[in-house]
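# Structural overview
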Amino acid sequence: MAVVAQQSDDTLKVPTFAEAETAGEVLARFVAALEPRRYSGEDAVALVRMFTNVERTGVAGKTLAACRVDESRVHSRSGSRSAAEFIAATTGDSVGETKDLIRLGEQLDDQPELADAFRKQKISRRRASQVSKAAKVNPNRERDLVEGAQRDSDASFKERCQRAKAEGRSHEEAERHRRALHANRYCRTYTDDDGAFRIDALFGPEAGAHVLAALDAQADRQFEQARKDGRCDPPAAYRADALLALLTGKGILGPQSKHKQGSGAARSGGNLGATTGQAADVADCGTGRAPDPRATVFVTVDLEALRRGNVGVGERCEIPGVGPVSVEHVRDLLGEALVELIIAKGTDVTTVYSAGRHIPKRVQSALLLRDPRCVVPGCDARLGLENDHWVTDFAKGGLTALDNLARVCRGHHRDRTHHGFELRKQGETWIWIAPEHPVIPKRPKRSKRSERSERSERSERSEPKRKPGDGGRTKAPPPDTNPPLFDNVSPPRRE
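Within each chain, residue numbers correspond to sequence positions counted from 1 in written order. In keeping with the predicted nature of the model, local features appear solely for residues at pLDDT of at least 70, side-chain atom pairs appear and are counted solely at 80 or more, and the whole-chain, interface and lining totals rest on all residues. To get the side-chain values, all heavy atoms of the structure are used, and hydrogens and water are removed first.

### So, the overall build of the protein chain
Here is the rule we go by: Secondary structure follows DSSP: runs of H or I at least 4 residues long count as helices, runs of E at least 2 residues long count as strands, and numbering of each begins at the N terminus. Relative accessibility under 20% of the residue-type maximum defines a buried residue, over 50% an exposed one, and the middle range a partly exposed one, all with a 1.4 Å probe and only protein chains included. Note on definitions: a residue-residue contact is assigned when non-hydrogen atoms from the two residues lie within 4.5 Å.
The number of helices and strands found in the protein chain is 16 helices and eleven strands. Here the protein chain holds 495 residues, and 30% of them are scored as buried. Put simply, of all contacts in the protein chain between residues at least 6 apart along the chain, 56% involve residues at least 24 apart.

### A closer look at the pattern of salt bridges
Heads up, the condition is: For salt bridges, the criterion is a side-chain nitrogen of Lys or Arg within 4 Å of an Asp or Glu carboxyl oxygen.
Inspection of every chain in the model, using the stated rule, returns 26 salt bridges. Notably, a salt bridge pairs R239 with D216, separated by 3.1 Å at the nearest N-O pair. In this pair, R239 is assigned in helix α11 (residues 235-248) and D216 in helix α10 (residues 205-228), connecting sequence segments 23 residues apart. Take D216: its relative accessible area is 8%, and that puts it in the buried class. Connected through shared salt-bridge partners, R141, D144, R151, D152, R160 and E167 make up one network.

### Side note on helix α2 (residues 41-72)
As a reminder, the rule being used: To estimate how far a helix should extend, the number of its residues minus one is multiplied by 1.5 Å.
The end-to-end C-alpha distance of α2, which contains 32 residues, comes to 46 Å, matching closely the 46 Å that a straight helix rising 1.5 Å per residue would cover. Residues L47, A60, T63, A66 and C67 constitute the buried set of α2. As for α2, its buried residues are in contact with α1 (17-32), α3 (83-91), α4 (95-107) and α5 (112-119). Following α2 by one or two positions, R73 has its phi on the positive side, about 60 degrees.

### Remarks on the confidence of the model for the protein chain
Cut-off, in case you're wondering: As a per-residue quantity, pLDDT reports the predictor's confidence and falls between 0 and 100.
Overall, the predicted model of the protein chain reaches an average pLDDT of 76, with 72% of residues at or above 70. Under a pLDDT of 50 for its full length, residues 1-10 has, in the predicted model, nine contacts with residues more than four places off or in other chains. Every residue in residues 483-495 is under pLDDT 50, and counting partners more than four places away or in other chains gives zero contacts.

### Some words on the packing of α10 against α11
We apply this condition: In this analysis an axis means a line fitted to C-alpha atoms, helices contributing only their contacting stretch, and an angle means the value between N-to-C directions, from 0 to 180 degrees. These descriptions rest on fixed angle ranges, namely under 35 degrees for roughly parallel, over 145 for roughly antiparallel, 65 to 115 for roughly perpendicular, and the rest for oblique. Crossings are assigned a handedness: left-handed for a near helix turned anticlockwise from the far helix by less than a right angle, right-handed for a clockwise turn. Residues are grouped as follows: Ala, Val, Leu, Ile, Met, Phe, Trp, Tyr, Cys and Pro are nonpolar; Asp, Glu, Lys and Arg are charged; every other residue, Gly included, is polar.
Relative orientation of the contacting elements α10 and α11 amounts to 115 degrees, with a least axis distance of 8 Å. If you check the angle between α10 and α11, you find them roughly perpendicular. α11 is crossed by α10, and the crossing has right-handed handedness. Contacts from L212, A214, L215, D216, Q218, A219, Q222, F223 and A226 of α10 reach α11 at Y238, R239, D241, A242, L243, A245 and L246. Considering only residue class, the contact of α10 with α11 consists of eleven nonpolar, two polar and three charged.

### Regarding the side chain of D152
Checked against the element boundaries, D152 lands in the loop between α7 (142-151) and α8 (154-168). D152 sits in the buried class, given a relative accessible area of 15%. With sequence-adjacent residues up to four places away left out, D152 is seen in contact with R127, F157 and R160.

### Observations concerning the nonpolar core
Operational definition: Take the buried Ala, Val, Leu, Ile, Met, Phe, Trp, Tyr and Cys residues and link them wherever side-chain atoms come within 4.5 Å; each set so joined is a nonpolar core.
In terms of nonpolar packing, the biggest core is built from 18 residues, with L108, L114, F118, I123, A128, V131 and L145 touching the most fellow members. Residue assignment for this core shows that the elements contributing at least two residues are α5, α6 (125-137), α7 and α8. Grouped together as the second largest cluster of nonpolar side chains are eleven residues, V376, C379, A406 and C409 included.

### So, unusual backbone geometry
Unusually for a residue other than glycine, R73 sits at a positive phi of about 60 degrees. When you line up the elements, R73 lands in the loop between α2 and α3. The residue Q121 is not glycine, and still its phi comes out positive at about 60 degrees. Relative to the helices and strands, Q121 resides in the loop between α5 and α6.

### Topic: the packing of α3 against α4
Look at α3 against α4: their axes get within 8 Å of each other, and the N-to-C directions meet at 115 degrees. Taken as a pair, α3 and α4 cross one another with a handedness that is right-handed. Seen from α3, the contacting residues are A83, A84, E85, I87 and A88; seen from α4, they are V95, T98, K99 and I102. For the contact of α3 with α4, the residue count by class is six nonpolar, one polar and two charged.

Right under this line is the structure:
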């Protein structure tokens, strides 16, 4: 970049357009001659950071300039219908992306803290757009949102923005927002480039909670059935099987016991948890069995917010996995739900423990509230989480207590258990420590006896059985009427 000269009055000289253009040309020549393999891994990380700052600088300048193009109405001379269409034709971006860019530039004038962070490459354009939309609804949270955009993971930052919007809306605004989401509901189907069938749907958070509850309950049963059959698939595959079963009515799996209810997304939270049965009961008409018990929807809501009727600063009223919902909707659920109060100050959940692997109900509730996602920093996995005895392993006498448990994804659980990674906690912050030399477990050696038995079994399967009177000769197998198109045998290697 161009070196900024300093004047005698200690004010920085603003680079000219020519200097900025020259700096861009220098960077372009550097990239044209870049040979990444000449750099070490640490230097490559430094390059990524440098190019990220350059990219954010360019996007910030592009946003401000695009906003000026819209103000100047220069696009009208070219016959374009809008500035977004005119700029998109120049940059190659979509018209929708360009509209968001112009909208962000217009809102920066009223959001100085966001504008300062955006100009100084502290946040990306996507996160700046999220902060701008949330700060427009709740201006008091602008600084908190800007700070969260610089340190939060993607899912955590998204939740921060949603909560800020929920806090900033009045009761009437929240109701209008709910009606607008319901009016915009849709379900579209299409075929992608690979020929796969895809579904894209939009629901309001209240309807989405019932869909999610029924989907999770059926996905859990699909997982149990797969484990009995000896199959192991990703959690998303079980959800796909569950969706297919619920939509077609074929292959729906019922609970093991008629008194057992489907599991939900997460347990209660700040102060109250409610279960409801508004998710549809589905019966398999082909088998004639009884319909499944109603699925469970879990709600996290602060007791004071429930009493007051609206969400205050720092309070929550949301459905895990869905997002914020109105307090009025939660009150409607209470009229037809089994309610369980969990007062955080009245119950010390850390003193509840079990000597076995079974997690007590109150500990499980607090665990699901504290760890809605994998606790490893930067990991936003929510499906297929495992309860890890991270302080003292269960095999070494570790108790099944809240202080000794953490919810982690399958990969991080394997890394901590077998590969030498460590999970620690300082206050409310989780820390993931990688070993200097990761320990990769070796496969156990196979005995010679097992190898000989396997070879004999393979030979018995491949050789045809002899019949009495054949004179020790074996009958040739019949010719294959459908020979393979290609041979799996590799060609002989030439010396």
